[in-house]
Amino acid sequence: MSAFQWTELDSKAVDTARVLAADAVEKVGNGHPGTAISLAPVAYLLFNKVMRHDPKDDRWTGRDRFILSVGHSSLTIYNQLYLHGYGLELDDLKALRTWGSATPGHPEFGHTKGVEITTGPLGQGLASATGFAYAARFERGLFDPETPAGKSPFDHFVYVIAGDGDMQEGVTAEAASLAGHQKLGNLVVIYDSNQISIEDDTNIAFTEKVNDRYESYGWHVQTVDWKKTGNYVEDVEELYAAIERAKSVTDKPSLITLRTIIGWPSPKKQNSGKIHGSALGAEELAGLKAVLGFDPEQSFQVSPEVIAHTRGYQSHADEVRAEWQQSFDAWAAANPEKKALFDRVQAGQVPEGIEDVLPKFEGGTEVSTRAASGKVINAIASVMPELWGGSADLAESNLTTINGAKSFVPAEWSTHEWSGDQFGRVLHFGIREHAMGSILNGIVLHGNTRAFGGTFLIFSDYMRPAVRLAALMKVPSIFVWTHDSVALGEDGPTHQPIEQLATLRAIPGLDIVRPGDANETAYAWKTILERREGPAGIALTRQNIPVFKRGEADVTGAVFAGAQNTSKGAYTLVDAANGKAPAVVLLATGSEVQLAVAARETLEAAGVPTRVVSAPCVEWFEEQDAAYRESVLPAGTPTVSVEAGLSLGWSKYAQAHVSIEHFGASADYKTLFREFGMTTENVVLAAKELLG
């Protein structure tokens, strides 16, 4: 540990960041200046004295990760990215929260260089940070498991700044419990306990002992109180020492509760809700500048010596990077096979020959798509070591276990069912669906490993904020949702999804994949893993459904298409007999494809040329060119959609619908399908009524 150094220029850089935060919010007329003002020394300390990072390369593998969970305080990170030379300039700060700027209201991954994750909804950053820490450990085991702790080029820390709002959100409680259980010593959280939110003093709603709660989770907890003397003293050296102690505790995540005054040293609005979420106003802004020794008549003041000092950090970064590179090159030379795996994973490529390992399911049998999925996961896992995952306490129902693999958990938590290893591949989230979604996002953002997490489709509602953020960030998280319709049966309406498929499809950038049989399930997984443009949710049946006889003719002489067409999103599964143009198209997904196939036979026997289109993923279908889409769903051809859920959304493709527009009931699935009209007879009737 090198001796701590803090110069007058460091203090001047901190005060510059404070004034920039106040000026930027004042210029646009809205935003959150208070926390950015009072956290300026914390953020500067991390970026200038603590973290290993390279402003020239924000994707450097060896970097520490920084997550601003208090995303509303976006200037806390923007100012440091500007000062340290990540590419932001003063004009970007002046354009805060405006159209086309590099400084949106909340930091956005992929939009601003140096931002590791989109943080807006409180709690998501801190919860996903647990996923970052998961991934750091898993990747260490994947690429360099033998090197002693602290000596590997893959060792680094995850730093988080969180606030009172983060601590109040339930998702952080779920994730923090898991972080403590996992003994994530690479996770360091600085909790800005200023006790002010939009409604002012948090005592009105939040009086718990946060430190005690985190200690009970198994965290290492410290308090740094800048108010302890009765005078407010920003003792950055004390905070630095606390961070160094946190880093030395390798078997627990660390929480440093930092007692601050929001907006300090703003003369009249500090320590109030007035400075949390609105501009200071001209008088208060002038007062702040006067206190800090800045000219109240000037805006966005940055002295040449300050910017030269802060951007001079790059020379230090170059030295650290060069030292790391030597370590990385030595590892690469000693581990050529691991290096080849690293290169493939970094490139986001699936292994060659992945199609060859896909299980082939025999036509004419019956298999639930959740069972098929379980077999596919295990087949692919045998050639794709970066694939890992599990479920929210539903392994036996979701079938998300990689057989024979160790569980990702400290060995001391092994049970008679599961054998733990710090570098294991099987994830156990407990009954924490929301944290599961956030953690999966963090894993995928940290590196390019592919992680999945499973629960029932109905409980996607618990995950929705994290799922939406995955789509917004365009990160390829994988959500496995089984028990995908009322056909789960006797558990009743609380567990039976009705609106979930429709509302999930409404999220822009989220692929919803509902395979129609076991072989579609295999190709669905292959396609999901080949794609990296955004997240996917795969919806799977509890009940057995027919495996179609691909490449074979049915009783009408028409041949069933191959399941490799799954990647196109929708395709003609079986066409009208005798090469005729279809008089009607039956468009179905999942377990209802079988109803469309049976209805087609009835309609063909009645002289109605009928095409069945299986549509496992509408989003993939929409990516196909117009000619292909027209070849599958010809304009002007009467079409009936068939899905055991709301018909909402299907009117784009179909004029009639066989659907369920109400909540379910408790009974066996055959009774439910009959009573709710999900039958071959109803599909035939809908087609005939549509044809007049």
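Residues numbered from 1 in each chain as written. Predicted model: local features only at pLDDT ≥ 70, side-chain atom pairs only at ≥ 80, totals over all residues. Heavy atoms only, no water.

Counting its secondary structure elements, the protein chain contains 26 helices and 22 strands. In terms of its C-alpha atoms, the protein chain occupies a principal-axis envelope of roughly 90 × 55 × 45 Å. Within the span of the protein chain, comprising 692 residues, buried residues form 60% of the whole. Element-wise, carbon and sulfur atoms account for 50% of the exposed surface of the protein chain, whose accessible area totals about 25,700 Å². Charged side chains of the protein chain number 60 positive and 86 negative; the gap between the two group centres comes to 1 Å. (Helix = DSSP H or I, 4+ residues; strand = E, 2+ residues; numbered from the N terminus. Buried < 20%, exposed > 50% of the residue type's maximum accessible area, 1.4 Å probe, protein only. Areas by Shrake-Rupley, 256 points an atom, 1.4 Å probe, with all protein chains shown as cover. Lys, Arg positive; Asp, Glu negative; His and termini not counted. Charge placed at Lys NZ, Arg CZ, Asp CG, Glu CD.)

Residue Trp264 is joined to Pro265 through a cis peptide bond whose omega torsion reads 10°. For Pro265, the position within the fold is in the loop between β7 (254-259) and α11 (282-292). One non-glycine residue with positive phi stands out, namely Asp200, at about 80°. Its place among the elements puts Asp200 in strand β5 (residues 200-201).

Before going further, it helps to spend a moment on the packing of aromatic side chains. This model, assessed by the stated rule, comprises 31 aromatic pairs. Ring geometry for Tyr214 against Tyr217: centres 5.3 Å apart, planes inclined by 75°, an arrangement best described as edge-to-face. Taken as a pair, Tyr214 and Tyr217 lie in helix α9 (residues 210-217) at a separation of three residues, close to a single helical turn. This pair shows no difference in class: Tyr214 is buried, exactly as Tyr217 is. Through a chain of ring-to-ring contacts, the aromatic side chains of Trp60, Phe143, Phe154, Trp324, Phe328, Trp331 and Phe342 assemble into a single cluster. Sitting over the ring of Phe294, Lys12 keeps its end group 4.3 Å from the ring centre. Note that Arg137 overlies the ring of Phe408, its terminal NZ or CZ placed 4.1 Å from the centroid. (Phe/Tyr/Trp six-rings, centres within 6.5 Å; stacked < 30°, edge-to-face > 60°. Lys NZ or Arg CZ within 6 Å of the ring centre and 35° of its normal.)

Per the counting criterion, the structure on display carries 32 salt bridges. Note that Arg344 and Glu386 form a salt bridge whose closest N and O atoms lie 2.6 Å from each other. Here the residue Arg344 occupies a position in helix α14 (residues 336-346), and Glu386 occupies one in the loop between α16 (369-381) and β9 (387-391), the gap between them amounting to 42 residues. The residues Arg344 and Glu386 share a single accessibility class, namely buried. (Salt bridge = Lys/Arg side-chain N within 4 Å of Asp/Glu carboxyl O.)

Let us now look at helix α21 (residues 518-530). Helical periodicity: at 3.6 residues per turn, an α-helix aligns residues three or four positions apart in one direction. Relative to the 18 Å expected for 13 residues at 1.5 Å per residue, α21 spans 19 Å between its end C-alpha atoms, a close match to the ideal helical length. In terms of residue burial, α21 counts as a mostly covered element, since twelve of its 13 residues are buried. Listed in full, the buried residues belonging to α21 are Ala518, Asn519, Glu520, Thr521, Ala522, Tyr523, Ala524, Trp525, Lys526, Thr527, Ile528 and Leu529. Put simply, Asp517 is the residue that caps the front of α21, since its side-chain oxygen is 3.3 Å from the backbone nitrogen of Asn519. (Expected span 1.5 Å × (residues − 1). Polar contact = N/O pair within 3.5 Å; in protein donor to acceptor, adjacent residues only side chain to side chain.)

Keep in mind these values describe shape, not function.
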